[in-house]
Amino acid sequence: MNLFYSYSSLLGRRMVKCEWNLKHYICPSLSPLKTNCRNITVFAKSSESNGASISVAGADGSWSSSVSRESPISGSMEQVMVEYVFGRKKATEVAHYVWKQVVQKGDAVVDATCGNGYDTLALLRMVADNAGRGRVYGMDVQKIALESTSSLLDQFASQDEKELVELFVMCHSQMEDIVPNDVAVRLVAFNLGYLPGGDKKLITRSETTVLALEAAKRILAPGGLISIVTYVGHPGGREEFEKIEGFASGLPVESWNCCKLQLLNRPLAPILIFLFKR
C-alpha cells in the first residue's frame, strides 16, 4: 500500500513537504548531500483515486516520479507517519510505532530516561509475555521520576507485568551496571531534556548523554535499535543534539544505519533519531 495512496482523500489541495536524511548503511555524516546519503524530498499532492504521485530528488539534482501501492511497513505505521506529516502525531508517538517493528515478546529493553513512565509502560507492553521472559530496565537520575513511573505502572500494568520491570535511580551513562552481561538488549530508548512537570533546570547533559550512547552501543544486540528524542528549545538542548549527531556520524558504516526525523519549519520541535545496529 502506498504511503499516501490510502490517505489521498485527506490531502485535498494541500501540499505537504517533508524531508528525511536517509542513511544507507550509515552515512559517515548526518549532513545532507554526502556521497552515500540520499536527500529525499517527498511532496504529497492532491491525487485522483488511482494513486498519489511521489517525486524524489537525488543528490545530483535529478528527479524521478513513481506510484507504489505496496509498502513493507504496516498500515498502522503508514498512518502514523502521515499523521506526523500533518501535525497530528508527536515524535514520541512515531518512536513507539518504530519500536514495534523491532521489539518482540520476551526481549530485554532499556528505558534510559524514565521520566513520568509513559515510555516504560509502552516498552513493557511490547516485551511482556506469558512466560515472564521480557525485561524492562528503567533508569532516571531523579527519584521523583521513578516514583511517577511506578505510579503509572500500578495503574495500568498487572502484578505479573510489573515483575518484569526493574527501576534504578542513577544516571543513564551507568546502564551497563544494571544490565547483566549475558543479556542481549533489543532496544535502548532516550527521551532527553527535562522532566515534564518537574524542575526545568534539571536536564540531561551532553557529556553524560554521549557516555550513555557509548554504553548503549556496547550492550545492544545485532538487529537492535537506539531511539532518541532530543529537544533543542531549552538551554543546553542544541548542544546535546549536536553531540548526538557527532556520535552517530562516527558509527561504522558496515554495522550501523542512522537517520533523523525533523520538522523543517519548526526549529524548536523535538527531533527523532534512530541508530540501528545491523
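Bear in mind that the values here come from a model prediction, so they are computed numbers and not experimental data. (Residues numbered from 1 in each chain as written. Predicted model: local features only at pLDDT ≥ 70, side-chain atom pairs only at ≥ 80, totals over all residues. Heavy atoms only, no water.)

## Structural notes on empty space enclosed by the protein
Alright, step 1. Enumeration over the complete set of coordinates arrives at 1 cavity of 30 Å³ or more.
Alright, step 2. Of the pockets and cavities examined, the largest cavity occupies roughly 40 Å³.
Alright, step 3. Every residue lining the largest cavity is listed: Thr 92, Ala 95, His 96, Trp 99, Asp 119, Ala 189, Phe 190, Asn 191, Ser 227 and Val 229.
Alright, step 4. Mapped by element, the contributors of at least two residues to the lining of the largest cavity are α3 (91-100), β8 (185-191) and β9 (220-230).
Alright, step 5. Ranked by the residues each element gives to the lining of the largest cavity, the list is headed by α3, at 4 residues.
Alright, step 6. A class-by-class count of the residues in the lining of the largest cavity yields 5 nonpolar, 4 polar and 1 charged. (1 Å grid on protein atoms, 1.4 Å probe; cavity = no way out; pocket = protein on both sides within 12 Å on 5 of 7 lines; lining within 4 Å. Points joined across faces, edges and corners; volume = space filled by probe spheres on them. Helix = DSSP H or I, 4+ residues; strand = E, 2+ residues; numbered from the N terminus. Nonpolar A, V, L, I, M, F, W, Y, C, P; charged D, E, K, R; others polar.)

## What about the packing of helix α4 (residues 118-127) against helix α5 (residues 143-156)?
Alright, step 1. Closest axis-to-axis distance for the α4/α5 pair is 9 Å, and the angle between their directions is 45°. For the element pair α4 / α5, the angle class is oblique. At the point where α4 passes α5, the crossing takes the right-handed sense. On the side of α4, the interface is formed by Tyr 118, Thr 120, Leu 121, Leu 124 and Arg 125, while α5 contributes Thr 149, Leu 152, Leu 153 and Phe 156.
Alright, step 2. In terms of residue class, the contact of α4 with α5 is made up of 6 nonpolar, 2 polar and 1 charged. (Axes fitted to C-alpha atoms, helices over the stretch in contact; angles between N-to-C directions. Parallel < 35°, antiparallel > 145°, perpendicular 65-115°, else oblique. Left-handed = near helix turned anticlockwise from the far one by under 90°. Contact = heavy atoms within 4.5 Å.)

## A closer look at the pairing of strand β5 (residues 108-111)
Alright, step 1. Where burial is concerned, the two faces of β5 agree: the one with Ala 108 and Val 110 and the one with Val 109 and Asp 111 are both buried.
Alright, step 2. After leaving β5, the chain enters α4 and then returns to the sheet as strand β6 (residues 135-140), a path that is right-handed.
Alright, step 3. For β5 and β8, the ladder comprises 4 bridges, and the chain directions are parallel. The partner of Asp 111 across the bridge, within β8, is Ala 189. (Buried < 20%, exposed > 50% of the residue type's maximum accessible area, 1.4 Å probe, protein only. Right-handed = clockwise from strand over helix to strand, strands pointing away. Pairing = 2+ DSSP bridges.)

## As for the side chain of Asp 129
Alright, step 1. Of note, Asp 129 is situated in the loop between α4 and β6.
Alright, step 2. Owing to a relative accessible area of 17%, Asp 129 belongs among the buried residues under this scheme.
Alright, step 3. Discounting residues that sit within four places of it in the chain, Asp 129 has contacts with Lys 105, Gly 106 and Gly 134.

## Brief notes about the packing of aromatic side chains
Alright, step 1. Counting across every chain of the model gives 0 aromatic pairs.
Alright, step 2. One Lys or Arg, Lys 100, reaches over the ring of Tyr 97 and ends 4.5 Å from the middle of that ring. (Phe/Tyr/Trp six-rings, centres within 6.5 Å; stacked < 30°, edge-to-face > 60°. Lys NZ or Arg CZ within 6 Å of the ring centre and 35° of its normal.)

## Regarding the packing of α3 against α4
Alright, step 1. Following both chains from N to C, one finds α3 and α4 inclined at 20°, their axes separated by 11 Å at the closest point. In this view, α3 runs roughly parallel relative to α4, as classed from their interaxial angle. For the pair α3 and α4, the sense of crossing is right-handed. In this structure, α3 uses His 96, Trp 99 and Lys 100 to contact α4, whose residues at the interface are Tyr 118, Asp 119, Ala 122, Leu 123 and Met 126.
Alright, step 2. Class assignment for the residues of the contact of α3 with α4 results in 5 nonpolar, 1 polar and 2 charged.

## A look at α4
Alright, step 1. The buried count for α4 comes to 8 of 10 residues, which makes it a mostly enclosed element.
Alright, step 2. Taken together, the buried positions of α4 are occupied by Asp 119, Thr 120, Leu 121, Ala 122, Leu 123, Leu 124, Met 126 and Val 127.

## Focus on the environment of Tyr 97
Alright, step 1. For Tyr 97, the location among the structural elements is in helix α3.
Alright, step 2. The spatial distance from the C-alpha of Tyr 97 to the C-alpha of Met 81 is 9.4 Å, given a sequence separation of 16 residues.
Alright, step 3. Tyr 97 has contacts with Ser 76, Met 77 and Val 80, leaving out every residue within four places of it along the chain.

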